[in-house]
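Coordinate inspection notes
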Amino acid sequence: MKICAAQTRPIKGNIPQNIETHKKLIEIAISYQVDIIIFPELSLTGYEPELADELSTSQIEDNRLNDFQTISNENNIIIGVGMPTKSKNGICISMVIFQPNEKRQIYSKQYLHPGEEQYFVSGQNILPIEKKDNKIAFAICYETSIFEHSEAAHKNGADIYIASVLNSVNSVDKDIKRISEISNRYGMISLMSNLTGKSGDYECAGKSSIWNRQGNLVGQLNSEDEGLIIIDTNNHEIIQKYL
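How each quantity is defined
- Residues numbered from 1 in each chain as written.
- Predicted model: local features only at pLDDT ≥ 70, side-chain atom pairs only at ≥ 80, totals over all residues.
- Heavy atoms only, no water.
- Helix = DSSP H or I, 4+ residues; strand = E, 2+ residues; numbered from the N terminus.
- Rg over C-alpha atoms; globule rule 2.2 N^0.38 Å.
- Contact = heavy atoms within 4.5 Å.
- Areas by Shrake-Rupley, 256 points an atom, 1.4 Å probe, with all protein chains shown as cover.
- Salt bridge = Lys/Arg side-chain N within 4 Å of Asp/Glu carboxyl O.
- Buried < 20%, exposed > 50% of the residue type's maximum accessible area, 1.4 Å probe, protein only.
- Axes fitted to C-alpha atoms, helices over the stretch in contact; angles between N-to-C directions.
- Left-handed = near helix turned anticlockwise from the far one by under 90°.
- Nonpolar A, V, L, I, M, F, W, Y, C, P; charged D, E, K, R; others polar.
- Phe/Tyr/Trp six-rings, centres within 6.5 Å; stacked < 30°, edge-to-face > 60°.
- Pairing = 2+ DSSP bridges.
- Polar contact = N/O pair within 3.5 Å; in protein donor to acceptor, adjacent residues only side chain to side chain.

A look at the overall build of the chain
For the chain, the count of helices and strands is five helices and 15 strands. A compact globule built from 243 residues would reach a C-alpha radius of gyration of about 18 Å, and the chain, at 16 Å, matches this within 12%. For the chain, the spread of C-alpha atoms along the principal axes amounts to about 45 × 40 × 35 Å. In the chain, 64% of the contacts between residues at least 6 apart in sequence involve partners at least 24 apart. Carbon and sulfur atoms make up 43% of the accessible area of the chain, which totals about 10300 Å².

So, the pattern of salt bridges
In the structure shown here, the tally under the stated rule is 12 salt bridges. Taking the shortest distance from any N to any O, the salt bridge between K23 and E20 comes out at 3.4 Å. With K23 and E20 both in helix 1 (residues 15-31) and three residues apart, the pair spans about one turn of that helix. Put simply, K132 and D35 hold a salt bridge, and the shortest N to O gap is 2.9 Å. A residue pair is termed long-range when its members are at least 10 positions apart, and K132 in the loop between strand 6 (129-131) and strand 7 (134-140) and D35 in the loop between helix 1 and strand 2 (36-38) qualify at 97 residues. Residue class for D35 comes out buried when judged on its relative accessible area of 5%. By sharing partners, the salt bridges in this structure join E20, K23 and D67 into a single network.

With respect to the packing of helix 4 (residues 147-155) against helix 5 (residues 172-186)
Running from N to C, helix 4 and helix 5 point in directions that differ by 35 degrees, and their axes come no closer than 11 Å. In this structure, helix 4 crosses over helix 5, and the sense of that crossing is right-handed. Across the interface between the two elements, F147, S150, E151 and H154 from helix 4 touch I182, R185 and Y186 from helix 5. Among the residues making up the contact of helix 4 with helix 5, the classes are represented as three nonpolar, two polar and two charged.

A few points about the packing of aromatic side chains
Considering all chains together, one arrives at three aromatic pairs under this definition. Judged by centre distance (5.6 Å) and plane angle (45 degrees), the ring pair of F68 and F98 falls under tilted. A residue pair is termed long-range when its members are at least 10 positions apart, and F68 in helix 3 (residues 66-75) and F98 in strand 4 (residues 90-98) qualify at 30 residues. Assessed through its relative accessible area of 1%, F68 is described here as buried.

Re the sheet that holds strand 6
Spatial strand order, 6-7-8-9-12-13: six strands in an open sheet with mixed pairing. Of all strands in the sheet, those with a lone pairing partner are strand 6 and strand 13 (217-220), marking the two edges. Each adjacent strand pair in this sheet contributes to an overall mean axis angle of 20 degrees, direction not counted. As judged from the five bridges shared by strand 7 and strand 8 (residues 160-164), these two strands associate in the parallel manner. Bridge pairing in strand 8 places I136 opposite I160.

Some remarks on the environment of I176
Topologically, I176 is positioned in helix 5. Each C-alpha atom of the pair I176 and G219 lies 12 Å from the other, and the pair is 43 residues apart in sequence. With near-sequence residues (within four places) excluded, I176 lies in contact with M192, K207, W211 and Q220.

Here's the deal with the side chain of S164
Mapped onto the secondary structure, S164 falls in strand 8. Residue S164 is classed as buried on the basis of its relative accessible area, which comes to 2%. From its side chain, S164 meets the backbone oxygen of P40 in a polar contact 3.3 Å long. Apart from residues lying up to four places away in sequence, S164 is in contact with I38, F39, P40, E41, M95, A139, I140, C141 and S193.

With respect to the pairing of strand 4
Successive side chains on a regular strand alternate, one facing one side of the sheet and the next facing the other. Most of strand 4 is tucked away, with eight of its nine residues classed as buried. Pairing between strand 3 (residues 78-87) and strand 4: nine bridges, direction antiparallel. Within strand 4, the position partnered with P84 by the bridge is I93. Hairpin connection, strand 3 to strand 4: the antiparallel pair is bridged by two residues. The pairing of strand 4 with strand 5 (residues 105-108) spans four bridges and is classified as antiparallel. Of the residues in strand 5, the one forming a bridge with S94 is S108. Linking strand 4 to strand 5, which pair antiparallel, is a turn of six residues; within it N101 sits at a positive phi near 60 degrees.

Below, the structure written as structure tokens:
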């Protein structure tokens, strides 16, 4: 199985242009026969809490995202993109997940970073999804710091853990250490998909990364460029590509 973490520099609030960048990266991933590609936290809008209400989608079948489903169907690839979504309680930080010929799913951030409650509400996680006899669990940013979250992923049988994050230059090293520890504790191949450039009030750190089941860092992108990092779980080959 080939798993991919994307690294993007979103244009503030410009969903159509950000979709086009996503599609370029997905096209590269498909050329390497990737099975799943996950994008960073709020990748389609940028991390812009003040704009989250107007940028959020209220329907799971948002037509702006139809191309992702088509690409998923035609290329047998799972795609996860970051976008705020409306729930009955407020706005959630979410990942919209497209699986081949299946209904879209939404994974929403359950554990909010302190301060996010001003703009967002806690959402609902989904169980790990299955692909080629693997169970893949997700996390959105601050959730990696909550022991109960990674423990639940493990108890639900996950052997792959993918974190969709915004990590700033000041916080990325802590998250790298934390995900390494999660990977080692539970024997999960782990990936971190991070933003680069400025988003909201943050200078994002890039460094999208992959860890093996022993928690060793086996691949990492640079801090500046948009691109992909891929691991083949059969031979542990790492591929890095930039736009």
